[in-house]
Amino acid sequence: MKKSLVTLFTLLALAGCTGGIAAPMTSAGSTPSASAASPIIAEAAWVRATTGATNASMTGAFMSLVNPGETEIRLVGASTSVAPMVQIHEMVSVDGAMVMQEATGGVAIPVGGHLHLKPGSYHVMLMMLKAPLAVGDQVPLTLRFSDGSQLEVNAPVKAFVEEEDHYHSASPSPSMSPSSTGS
Amino acid sequence: MTGATAEPAGLGRRAVLGSSAAVGGLAVGSTLGWFGGQAGSPAAPVTPEAVIRQRYSPHELHQAGISTPTPAVTRLLSFRLRTPRVAAELTKLLRLWSGDIEALMAGAPIPGDTAPDMAQAGVSLSVTVGLGPRVFELPGLASRRPSGYVEVPAMAHDRLQDRWSGGDVLAIVAADDPTTVAYASRRLERDAATFATLAWVQGGSWRGTDSAGQPVTGRNLFGQLDGTANPSGADLEAVVWASGPAWFAGGTTLVVRRIELDLDFWDATTRERQEKVIGRRLDSGAPLTGSHERDDLDLTALDAAGRPLIALDAHARRAHPSVNGGRRILRRGLNYTHTEGGHRGVVPSAGLVFLSFQADLANQYLPLQTSLDQRDALHDWTATIGSAVFAIPPGFGPGDWLARGLFEP
Ligand code: HEM
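What counts as what
Residues numbered from 1 in each chain as written. Chains lettered and ligands numbered in written order. Predicted model: local features only at pLDDT ≥ 70, side-chain atom pairs only at ≥ 80, totals over all residues. Heavy atoms only, no water. Helix = DSSP H or I, 4+ residues; strand = E, 2+ residues; numbered from the N terminus. Buried < 20%, exposed > 50% of the residue type's maximum accessible area, 1.4 Å probe, protein only. Contact = heavy atoms within 4.5 Å. Areas by Shrake-Rupley, 256 points an atom, 1.4 Å probe, with all protein chains shown as cover. Phe/Tyr/Trp six-rings, centres within 6.5 Å; stacked < 30°, edge-to-face > 60°. Lys NZ or Arg CZ within 6 Å of the ring centre and 35° of its normal. pLDDT = per-residue confidence, 0-100. Salt bridge = Lys/Arg side-chain N within 4 Å of Asp/Glu carboxyl O. Polar contact = N/O pair within 3.5 Å; in protein donor to acceptor, adjacent residues only side chain to side chain. Expected span 1.5 Å × (residues − 1). Axes fitted to C-alpha atoms, helices over the stretch in contact; angles between N-to-C directions. Parallel < 35°, antiparallel > 145°, perpendicular 65-115°, else oblique. Left-handed = near helix turned anticlockwise from the far one by under 90°. Core = buried A, V, L, I, M, F, W, Y, C linked by side-chain atoms within 4.5 Å. Pairing = 2+ DSSP bridges.

Chemist: Would you mind showing me how to read the overall build of chain B here?
Modeler: Scanning chain B from terminus to terminus reveals 10 helices and eight strands. Here chain B holds 409 residues, and the buried ones make up 56% of them. In chain B, once contacts between residues fewer than 6 apart in sequence are set aside, the share between residues at least 24 apart is 78%. As displayed, chain B offers around 16100 Å² of accessible surface, 52% of which is attributable to carbon and sulfur atoms.

Chemist: Teacher, can you tell me more about the overall build of chain A here?
Modeler: When you go through chain A residue by residue, the secondary structure sums to two helices and 11 strands. In sequence order, chain A lays out its α and β elements as α-β-β-β-β-β-β-β-β-β-β-β-α. Looking at chain A as a whole, 51% of its 183 residues qualify as buried. Partitioning the intrachain contacts of chain A with sequence separation of at least 6 by distance along the chain shows that 68% fall at a separation of at least 24.

Chemist: Would you mind showing me how to read unusual backbone geometry here?
Modeler: If a residue is not glycine, its phi is most likely negative; likewise, a peptide bond is most likely trans. Cis geometry marks the peptide bond from Gly244 of chain B to Pro245 of chain B, where omega comes out at 0°. Relative to the helices and strands, Pro245 of chain B is located in the loop between helix H5 (233–240) and strand S5 (252–261). Even without being a glycine, Met128 of chain A presents a positive backbone phi close to 55°. For Met128 of chain A, the position within the fold is in the loop between strand S8 (123–127) and strand S9 (138–145). Unusually for a residue other than glycine, Ala403 of chain B sits at a positive phi of about 65°. With respect to the helices, strands and loops of the structure, Ala403 of chain B is situated in the loop between strand S8 (382–392) and helix H10 (404–407).

Chemist: Which parts of the structure should I look at to understand the packing of aromatic side chains?
Modeler: We describe a pair of aromatic rings using the distance from one ring centre to the other and the angle between the two ring planes. All names here are of chain B. Per the counting criterion, the structure on display carries nine aromatic pairs over all chains. A centroid spacing of 5.1 Å and a plane angle of 15° characterise the contact between Phe265 and Trp381, whose relative ring orientation is stacked. With Phe265 in helix H6 (residues 263–267) and Trp381 in the loop between helix H9 (361–374) and S8, this residue pair connects regions lying 116 residues apart in the sequence. The class for Phe265 is partly exposed, based on a relative accessible area of 32%. Of the residues examined, Trp381 reaches a relative accessible area of 2% and is grouped as buried. In textbook terms, an aromatic cluster arises when at least three aromatic residues are bridged by ring pairs, as seen for Phe136, Tyr149, Trp247 and Phe248. For Arg258, the ring lying beneath its charged end belongs to Trp164, and the centroid distance is 3.7 Å.

Chemist: Looking at this structure, I do not really get the confidence of the model for chain A. What am I missing?
Modeler: Low-pLDDT stretches of the model should not have their predicted coordinates read in fine detail. Residue and element names in this part refer to chain A. Per-residue confidence for chain A gives a mean pLDDT of 76; residues scoring 70 or more make up 68%. Scored below 50 in pLDDT, residues 1–36 makes 70 contacts in the model with residues more than four places away or belonging to other chains. Every residue in residues 168–183 is under pLDDT 50, and counting partners more than four places away or in other chains gives 34 contacts.

Chemist: Got a minute to help me understand the pattern of salt bridges in this structure?
Modeler: Once the charged atoms of two side chains with opposite charge are near each other, the side chains can pair. Counted according to the given criterion, the structure contains 17 salt bridges over all chains. In this structure, the salt-bridge partner of Lys158 of chain A is Asp191 of chain B, at a minimum N-O distance of 2.4 Å. Here Lys158 of chain A is found in strand S10 (residues 150–158), whereas its partner Asp191 of chain B is found in helix H4 (residues 178–192) on a different chain. Exposure class is identical for Lys158 of chain A and Asp191 of chain B. Each is buried. One network of salt bridges, with partners in common, ties together Asp137 of chain A together with Glu89 and Lys92 of chain B.

Chemist: Explain the environment of Arg257 of chain B to me, please; I cannot follow it from the model alone.
Modeler: With respect to the secondary-structure elements, Arg257 of chain B resides in strand S5. With residues up to four places along the chain from it excluded, the contact list for Arg257 of chain B reads Val152, Met155, Asp158, Leu352, Val353, Phe354, Tyr365, Gln369, Thr384, Gly386 and Ser387 of chain B.

Chemist: For this particular structure, what's the right way to read the side chain of Thr269 of chain B?
Modeler: Residues and elements named next belong to chain B. Looking at the secondary structure, you find Thr269 in the loop between H6 and helix H7 (271–278). At a separation of 2.7 Å, a polar atom in the side chain of Thr269 contacts the main-chain carbonyl oxygen of Phe265. Among all residues touching Thr269, those that are not within four sequence positions of it are Gln274 and Trp381.

Chemist: Please clarify how H4 of chain B should be interpreted in this entry.
Modeler: An α-helical segment advances 3.6 residues per turn. Residues three or four places apart therefore align on the same side. The terminal C-alpha atoms of H4 of chain B lie 21 Å apart, and with 15 residues this matches the ideal 21 Å at 1.5 Å per residue to within 8%. Buried residues of H4 of chain B: Thr180, Val181, Tyr183, Ala184, Ser185, Arg187, Leu188, Asp191 and Ala192 of chain B, and no others. Tucked into the core, H4 of chain B has its buried residues touching S10 of chain A together with strand S1 (73–81), helix H3 (87–106), strand S2 (126–131), strand S3 (169–175) and strand S4 (196–205) of chain B. One side-chain oxygen of the residue at the start of H4 of chain B lies 3.0 Å from the amide nitrogen of Thr179 of chain B, identifying that residue as Asp177 of chain B.

Chemist: What's the story with H3 of chain B in this structure? I'm lost.
Modeler: Residue and element names in this part refer to chain B. Here H3 spans 29 Å end to end across 20 residues, near enough to the 28 Å set by a 1.5 Å rise per residue. Counting buried positions over the 20 residues of H3 gives 14, a clear majority of the element. Phi for Gly107, located one or two positions after H3, is positive at around 80°.

Chemist: Any chance you could explain the packing of H3 of chain B against H4 of chain B here in plain terms?
Modeler: The packing of two helices is summarised by the inter-axis angle and the distance between the axes. All names here are of chain B. Across the interface, H3 lies against H4 with an axial gap of 10 Å and an inter-helix angle of 160°. In terms of their interaxial angle, H3 and H4 are classed as roughly antiparallel. Handedness of the H3/H4 crossing: right-handed. Along its contact with H3, which presents Leu93, Leu96, Trp97, Asp100, Ile101 and Leu104, the element H4 presents Tyr183, Ala184, Arg187, Leu188, Asp191 and Ala192.

Chemist: Quick question: what am I supposed to make of the nonpolar core here?
Modeler: The nonpolar side chains of soluble globular proteins are, as a tendency, buried together. Counting residues in each nonpolar core, the largest one holds 109 residues, and the members touching the most others are Leu65, Val124 and Leu126 of chain A together with Trp97 of chain B. Counting residues per element, this core draws most heavily on H3 of chain B, which supplies nine residues. Once you skip the residues sitting within four places of it in the chain, Leu126 of chain A turns out to touch Val47, Ser57, Met58, Thr59, Thr80, Val82, Ala83, Met85, Val86, Val139 and Leu141 of chain A. Trp200, Val240, Val353 and Leu355 of chain B belong to the second-largest nonpolar core, a separate cluster that totals 22 residues.

Chemist: Looking at this structure, I do not really get the pairing of strand S7 (residues 345–358) of chain B. What am I missing?
Modeler: Regular strands have side chains that alternate between both faces of the sheet. Residue and element names in this part refer to chain B. Where S5 lies against S7, eight bridges are found, and the strand directions are antiparallel. When the bridges of S7 are listed, Glu260 appears paired with Gly351. Sheet topology note: the strand S6 (residues 330–342)/S7 ladder contains 13 bridges and is antiparallel. Its bridge partner lying in S7, Thr337 is registered against Ala350.

In structure tokens, the structure reads:
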């Protein structure tokens, strides 16, 4: 599956170039801007809706990042117009409990492989949201990588149904545990 | 009733590609990129597997699932918008679905997929989206209504039920197997839930391949070869695809009719009469005036007693373009069986989910349907119990979304 996806999106990107579209393509409605020079391809990006959430000031952005190149590249940061504070988070085990914390060194996207940003794992944390995010809204994200490149992605806001509520229960500190803040 | 004619799918696809320049009003520059880029992409059909194990792309001039072969399983989901007067709610739904469809048809998990391992490529999955009449009552959209896109008035023979009729937004999900259809339908339903509720769900099956897996005309539950006289190639282009308004170039209109077939009465009918009802043989599908499935009907031929060989009320005569001012449609049929439990026990029923695609509903479908309603030997065995119409927008570019031109001209 991984291999075929890389092939598919490489082909799509090629088709885009030869066919005269300005930007390489990403899948699933995420739209990179024409200025994004990053070799990284974003697939299936989405942001969790905050409507109905106990804490509507923060949420997670998820996606799959593909590195079709020859060198490892790290996702080192992100920004968005909908939130002034954005961090790359990882989940770590602290005293037997999974807690999330900022991935200060960024996260590697393996050569020829995927980095999955997904619930319960690495994700982009959007904090101090200016307004609630409803299903169907579009969130513009700028991703920054270790090679200095940037990628702009338009991520749709989708309902989130998973029981565990990691992305609303913590406060924006570099190291946080859901148990310390409640929800 | 199917687009799965015996010609290889590759031919149809080339014909479709060739038509891009012919479509008036299309922003060719903006679409050539994704459209032209398809030639070498994984979406190109593989000839030996023209019906099954196909990969379709939503990024063609036309949506898939219309002129592409009918796979084994199809489900139609019709939704009513929760706030039918707010265009922004519909556009949010269409944007979400476009991303979903792009991923689903590529065999990749959709954004936020809670069952990502279900995704699989090469299962002939297509999702075709349509817009119901109320959409064009939204502020500012009346002038962009496709010409001839009207509702079908109730016919004298109709026995319509609300539960199989109407709808604001339609998704047709088709694939080689029911598991794929269930998975894709569920993803689309979930993302629609914020904006719309289900009006009805119906579907059926089609067998468009022979025992060797080669494409053939499928049979409906009367046992008839159904779809023989469907247009193909350049005829199909002219019959099906609309050229405007600009946002709709490459789109089409769809009539969905749920037609119940009285199989018990059909079983009790002699084979000779069954063949006379259509005017074609049951085994080969050949006209009663010919010997091969694709032979033209000879509507003037008489038997020894001087009676027409193809009866005056035969369905194939009554539906024939020569007696309908040349009007044609593209039919796509789905066989359904439906079983309900009642206080008197289990009640089985069966029929055809009849899909008709045409560029101009009012000028192609309506006169034909009206004429058939007046006289058609099939009426003794059939009753239409559901009806709905949808405008089917053209395909969309990668990262773009369905029918955007309708809302952002
Ligand atoms: C009651 C369910 C129906 C059944 C069982 C049925 C069956 C058939 C069959 C067996 C044929 C001949 C083979 C072929 O060309 O596909 C046929 C042809 C056709 N039918 Fe139907 N049909 C039904 C309803 C309709 C309806 C509702 C329409 C349109 C309003 C329609 C329009 C046509 C047309 C246009 C043809 C082709 C005529 C020609 O060009 O030779 N049918 N149908």
